[in-house]
Amino acid sequence: MIEGQERTPLTREFFDRPVLDVAPDLLGRTLVRSTPEGPIELRLTEVEAYAGEIDPGSHAFRGRTARNGVMYGPPGHAYVYFTYGMWHCLNLVCGPEGMASGVLLRAGDILTGAEFTRKRRLSARNDRELAKGPARLATALDIDRALDGSDAIAHPGAVLSVLWGTPPPPDQVRNGPRTGVGGDGATHPWRFWIDGDPTVSPYRAHAPRRRST
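My aim in this report is to walk through the structure given alongside it, one point at a time. (Residues numbered from 1 in each chain as written. Predicted model: local features only at pLDDT ≥ 70, side-chain atom pairs only at ≥ 80, totals over all residues. Heavy atoms only, no water.)

Side chains Leu160 and Val162 project from strand S6 (residues 160–163) onto one buried face, and the interleaved Ser161 and Leu163 project onto a second face that is buried too. Examined bridge by bridge, strand S1 (residues 30–34) and S6 share four bridges and lie antiparallel to one another. Among the inter-strand pairings, Leu31 is bridged to a residue of S6, identified as Val162. (Buried < 20%, exposed > 50% of the residue type's maximum accessible area, 1.4 Å probe, protein only. Helix = DSSP H or I, 4+ residues; strand = E, 2+ residues; numbered from the N terminus. Pairing = 2+ DSSP bridges.)

Tallying each qualifying case throughout the model produces two aromatic pairs. Judged by centre distance (5.1 Å) and plane angle (75°), the ring pair of Phe14 and Phe15 falls under edge-to-face. Phe14 sits in the buried class, given a relative accessible area of 10%. Of the residues examined, Phe15 reaches a relative accessible area of 1% and is grouped as buried. (Phe/Tyr/Trp six-rings, centres within 6.5 Å; stacked < 30°, edge-to-face > 60°.)

Mapped onto the fold, Gly196 is located in the segment after strand S8 (191–194). Judged by relative accessible area, Gly196 falls into the exposed class, the value being 69%. In this structure the C-alpha to C-alpha distance between Gly196 and Ala114, which are 82 residues apart in sequence, comes to 21 Å.

Note that the residue after Gly73, namely Pro74, is joined by a cis bond; omega there is 5°. The residue Pro74 is located in the loop between strand S2 (39–50) and strand S3 (78–83) in this model. One non-glycine residue with positive phi stands out, namely Tyr84, at about 55°. Topologically, Tyr84 is positioned in the loop between S3 and strand S4 (87–93).

For the rest of this paragraph, the subject is the environment of Met71. Note on placement: Met71 falls in the loop between S2 and S3. For Met71 and Ala146, which are 75 residues apart along the polypeptide, the C-alpha to C-alpha distance reads 16 Å. Not counting the four nearest positions on each side in its chain, Met71 is found in contact with Ser58, His59, Ala60, Tyr79, Val93, Met99, Ala100, Ser101 and Gly102. (Contact = heavy atoms within 4.5 Å.)

Relative to the helices and strands, Leu31 resides in strand S1. Placed 80 residues apart in sequence, Leu31 and Leu111 show a C-alpha to C-alpha distance of 9.7 Å. If we skip the residues at most four places from it in the chain, Leu31 touches Ile40, Glu41, Leu42, Leu90, Leu105, Leu141, Leu160, Ser161 and Val162.

On to the nonpolar core. Within the largest apolar cluster, 40 residues are counted, with the highest numbers of intra-cluster contacts made by Phe15, Leu26, Leu90, Val103 and Leu105. Of all the elements, S2 adds the most residues to this core, at five residues. Leave out the neighbours within four places in its chain, and Leu105 touches Leu26, Leu31, Leu44, Glu46, Val47, Leu90, Leu92, Pro134 and Leu137. Counting residues in each nonpolar core, the second largest holds 12 residues, with Tyr79, Cys89, Val93 and Val181 among its members. (Core = buried A, V, L, I, M, F, W, Y, C linked by side-chain atoms within 4.5 Å.)

All right, on to the pattern of salt bridges then. It is possible for side chains bearing opposite charge to pair when their charged atoms get close. All chains considered together, the criterion is met by 15 salt bridges. For Arg106, the salt bridge identified is with Glu48, shortest N-O distance 3.9 Å. Pair noted here: Arg106 is in strand S5 (residues 102–112) and Glu48 is in strand S2, with a separation of 58 residues, a long-range link. The residues Arg106 and Glu48 share a single accessibility class, namely buried. Asp127 is the partner of Arg118 in a salt bridge, and the nearest nitrogen-oxygen pair spans 2.8 Å. On the accessibility criterion, Arg118 (39% relative accessible area) is partly exposed. (Salt bridge = Lys/Arg side-chain N within 4 Å of Asp/Glu carboxyl O.)

For the rest of this paragraph, the subject is the state of the cysteines. Counted according to the given criterion, the structure contains zero disulfides. Cys94 supplies the cysteine sulfur nearest to Cys89, a cysteine that is in no disulfide, at a spacing of 16 Å. The class of Cys89 is buried, set by a relative accessible area of 5%. (Disulfide = S-S within 2.5 Å.)

What is shown is where atoms sit, not what they do.
Right, dumping it as structure tokens:
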């Protein structure tokens, strides 16, 4: 088991910062998901930053809606959305309350509870693929819209929390364009990952969806 500072929960103050500060600082942190089967712990290896109403790639670019309301705070809560009619994705809200921003959790290494995640990720060829990509991560951790708005700051009965973990050395952190983001937000270098980690998902540029004729 991880000992000492590595088990210290992150505070709300950690998330109450600009998204471009929080996103790379989440790498190496331990995400804890409490389930009826038992706890699942995951070391975050890849994330993406979304800066709300100033970011064309963000769900909040055009303002507040019923779907994205959680992104407006308070920081430290989970924003869960459903995409392509089949997948959920998990974000952690950050920045000052009232200014939408969040960090998409794209990939991680399952530290404990892999036996629970394998049941939900039957297509994974090995444990490195259990949470390799945002939809896979959410599936592995049994994340759905019911968790939207959950407080991810450690407290009794928390379904999600984030521990200090083992952040990588700064020279191991890389950044580049976000995966699958098109338009004016395509070139923002706001995807961050741990260099050389086998659980990091492959980069894919945006490909417009074809319309049926």
